[in-house]
Amino acid sequence: MAVCARLCGVGPSRGCRRRQQRRGPAETAAADSEPDTDPEEERIEAGAAALAGAGGGRGAGPSPPPRCSLLELPPELLVEIFASLPGTDLPSLAQVCTKFRRILHTDTIWRRRCREEYGVCENLRKLDITGVSCRDVYAKLLHRYRHILGLWQPDIGPYGGLLNVVVDGLFIIGWMYLPPHDPHVDDPMRFKPLFRVHLMERKSATVECMYGHRGPHNGHIQIVKKDEFSTKCNQTDHHRMSGGRQEEFRTWLREEWGRTLEDIFHEHMQELILMKFIYTSQYDNCLTYRRIYLPPSHPDDLIRPGLFKGTYGSHGLEIVMLSFHGKRARGTKITGDPNIPAGQQTVEIDLMHRIQLPDVESLRSFNELSRIVLEVREQVRQEQQQREDGAEDGEGRAPQSPREPQRGPAQPSVELPAEKGGGPADGEAAAAAAPAPEQPAQSGQGQPFVLPVGVSSRNEDYPRTCRMCFYGTGLIAGHGFTSPERTPGVFILFDEDRFGFIWLELKSFSLYSRVRATFRNAEAPSPQAFEEMLKNIQSLTS
């Protein structure tokens, strides 16, 4: 209060127009303009001038320097100053005095706030035709719906999804992102609008549902709680087609899979497709969304984390989020299926246990690859057992001497070269598990790669060279996420944008390709917030 009074040059008296109560942007934007002059302000300024004149005749000391007041600045300079302030601070500024309130009615200020805070690049001058001001756009559209901007996962049972809500011109649009048609994992993502919000008149913003094939229609958005909102369609008849459910299914199949049911010869795949259509159709009128973040990146990450498209057999392509957590990497499903639902960790990579693949001819043998992986798994199990035993023994022991360091998880034996004098079996195990002298990730070199005979792949167009491989585990389960278990596998890093995973027990290979779309308002505020988000989406389907 005192600060505002000093800036205005009117002192801490009743001349300051700021009140204790705070108004929202919408209320301030709708406030009527007051007279340009304030009698109380004029009285105070006149009194201050009289005092200055009375003291001018005294010779007791130097006269005080002239006082600088914001009120004395020209209006065009105040417009420039106010336009550089955050839009959330302007309502309080409008309550300081009448002059500030009048200046804050200038549309130039709000046009700049729309552009800098929300990226509105449209020519906002066109709004004059409709009678909607930039102040209305900011207060009634952008500021009001700012909480739904960002990346979201819809609650559609095990299937999940990926929604990005962005400011698009003078609209706020919710875009649903879909993987490309199976098995073209390198193709770009597909997307379609689910809803939009726009301001057509000065009263309030309009929410429209975009689902169906009959154009936009009346909808509703409700912010349930922090990081969660829901949408509802008020005209579900727009979702129906004249040909009934059969026509709706054929249309959905072409959009979802890019083919007809007659083109799919696998009976199990037909059942999965029909099941997904029936299940997801129940959510065409009301959906709940929960906020998700893109994973934070660090300079020492194996590759840049982010979203990837992956092949999952008869389930088609799914979206997976790759993130790094110290000595491990995780692949979390953003979209899922009835076996492994969205939110679960589909793969986990142990970055401390690198696998050296054999030559191409030996790699063609599935038994050879299986032998190498199972040896590493046994080594991982033994190291884990040693750590647990060491922790139990350490409870009753004195702290270890610094001269006798104990090898911890950061220095596993798999990284060490074979000791001299070891037998042939020991030498083979070490050669299979230990890293190569020169790591391809740093040198840029690759090694030949081919899938073992008997390992199935939805996409035969996989890279024939890889940088490096690591031991990992993949999550498998029965229908309905029954009897889930983690089974051994191999993580293959091909390049910065592609990796693969061999599911040893399933004799199956999944190829993953980076999602190249740019998502706005999707960065996590902190690493802790990202970890909490992962726990939340996993708990919903556990």
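Here the residue numbering is sequential within each chain, running from 1 through the sequence in written order. For this predicted model, a pLDDT threshold of at least 70 governs which residues receive local features, and a threshold of 80 or more governs which side-chain atom pairs are given and counted, while totals over whole chains, interfaces and linings are taken from all residues. Side-chain numbers come from the whole structure's heavy atoms, not from hydrogens or water.

An unreviewed UniProt entry lists the protein under the name F-box only protein 31, from Panthera pardus. According to its UniProt record, the protein has this under Subcellular location (unreviewed entry): "Cytoplasm". UniProt positions are given in the numbering used here, feature names are shortened, and annotations may be inferred rather than shown by experiment. The UniProt entry for the protein carries the following comment under Sequence similarities (unreviewed entry): "Belongs to the FBXO31 family."

Novice: Which parts of the structure should I look at to understand empty space enclosed by the protein?
Specialist: Over the atoms rolls a probe the size of a water molecule, and in doing so it shows where empty space is left. Using a grid of 1 Å spacing that covers the protein atoms alone, one calls a set of points a cavity when a 1.4 Å probe fits there but cannot get out, and a pocket when the set is open and has protein on both sides within 12 Å along at least five of seven lines; lining residues are those with an atom within 4 Å of a point. Grid points are joined across faces, edges and corners, and a volume is the space filled by probe spheres set on the points. With the rule as written, the count across this model stands at two cavities of 30 Å³ or more. Surrounding the largest cavity, 50 residues form its lining, I156, M176, L178, E256 and T280 being those nearest its centre. Split by residue class, the lining of the largest cavity holds 25 nonpolar, 14 polar and eleven charged. For this scheme, ten residues count as nonpolar: Ala, Val, Leu, Ile, Met, Phe, Trp, Tyr, Cys and Pro. Four count as charged, namely Asp, Glu, Lys and Arg, and the remainder, Gly too, count as polar.

Novice: How should I be thinking about the nonpolar core in this particular structure?
Specialist: Soluble, globular proteins show a tendency: their nonpolar side chains are buried together. If you look at the biggest cluster of nonpolar residues, it comprises 45 residues, and the most contacted ones within it are I109, L142, Y145, L163, V165, I172 and F229. Contact between two residues is taken to exist if any of their heavy atoms lie within 4.5 Å; hydrogens are not considered. Leave out the neighbours within four places in its chain, and Y145 touches K140, I172, V197, A205, V207 and I221. Among the nonpolar cores identified, the runner-up in size contains 26 residues, and V185, L317, I355 and F449 belong to it. Working definition of a nonpolar core: buried Ala, Val, Leu, Ile, Met, Phe, Trp, Tyr and Cys residues. They are joined through side-chain atoms within 4.5 Å. For every residue, the accessible area (1.4 Å probe, protein chains only) is compared with the maximum for its type, and the residue is labelled buried under 20%, exposed over 50%, or partly exposed between those bounds.

Novice: Any chance you could explain the pattern of salt bridges here in plain terms?
Specialist: Any two side chains of opposite charge can pair, given that their charged atoms come close. For salt bridges, the criterion is a side-chain nitrogen of Lys or Arg within 4 Å of an Asp or Glu carboxyl oxygen. Going through the model one piece at a time under the given rule, you end up with 28 salt bridges. Residues D284 and R240 are paired through a salt bridge, measuring 2.7 Å at the closest nitrogen-oxygen approach. Highlighted residues: D284 in the loop between α11 (267–280) and β8 (286–292) and R240 in the loop between β7 (228–233) and α10 (244–257), separated in sequence by 44 residues. Here D495 ties to R498 by a salt bridge, and the two come within 3.0 Å at their closest N and O atoms. The secondary structure listing takes helices from DSSP runs of H or I that are at least 4 residues long and strands from runs of E that are at least 2 residues long, numbered from the N terminus.

Novice: I tried to follow unusual backbone geometry on my own but got confused; where do I start?
Specialist: Of note, the amide linkage connecting D182 to P183 takes the cis form, showing an omega dihedral of 5°. Along the polypeptide, P183 turns up in the loop between β3 (171–178) and β4 (190–198). We note that N521 has phi near 55°; this positive angle belongs to a residue other than glycine. As for its placement among the helices and strands, N521 is situated in the loop between β19 (508–514) and α16 (527–539).

Novice: How should the sheet that holds strand β6 (residues 217–225) be read in this particular structure?
Specialist: Think of a sheet as strands paired side by side through backbone hydrogen bonds, with each pair either parallel or antiparallel. Should DSSP find at least two bridges between two strands, the strands are taken to pair. Spatially, β1-β2-β3-β4-β5-β6-β7-β8 is the arrangement adopted by the eight strands of the closed barrel, whose pairing is antiparallel. Taken pair by pair, the neighbouring strands of this sheet meet at an average axis angle of 35°, ignoring direction. As paired elements, β6 and β7 share five bridges and run antiparallel to each other. Looking at β7, one finds that H220 is bridged to K232. Note on geometry: axes are lines fitted to C-alpha atoms, helical ones only across the stretch in contact, with angles between N-to-C directions running from 0 to 180 degrees.

Novice: Help me understand the packing of α10 against α11, please; the structure alone is not making it clear to me.
Specialist: To characterise two packed helices, one gives the angle between the axes of the helices and the distance between these axes. Direction vectors running N to C along α10 and α11 enclose 110°, while the axes themselves pass 11 Å from each other. As far as their axial angle goes, α11 and α10 are roughly perpendicular. Here α10 and α11 pass one another in a crossing that is right-handed. Residues R245, E248, F249, W252, L253, E256 and W257 of α10 lie in contact with α11, whose contacting residues are M269, I273, L274, K276, F277 and T280. Oblique is the label for any angle not covered by the other classes, which are roughly parallel (under 35 degrees), roughly antiparallel (over 145) and roughly perpendicular (65 to 115). Crossings are sorted by hand: turned counterclockwise from the far helix by less than a right angle, the near helix makes the crossing left-handed, and turned clockwise it makes it right-handed.

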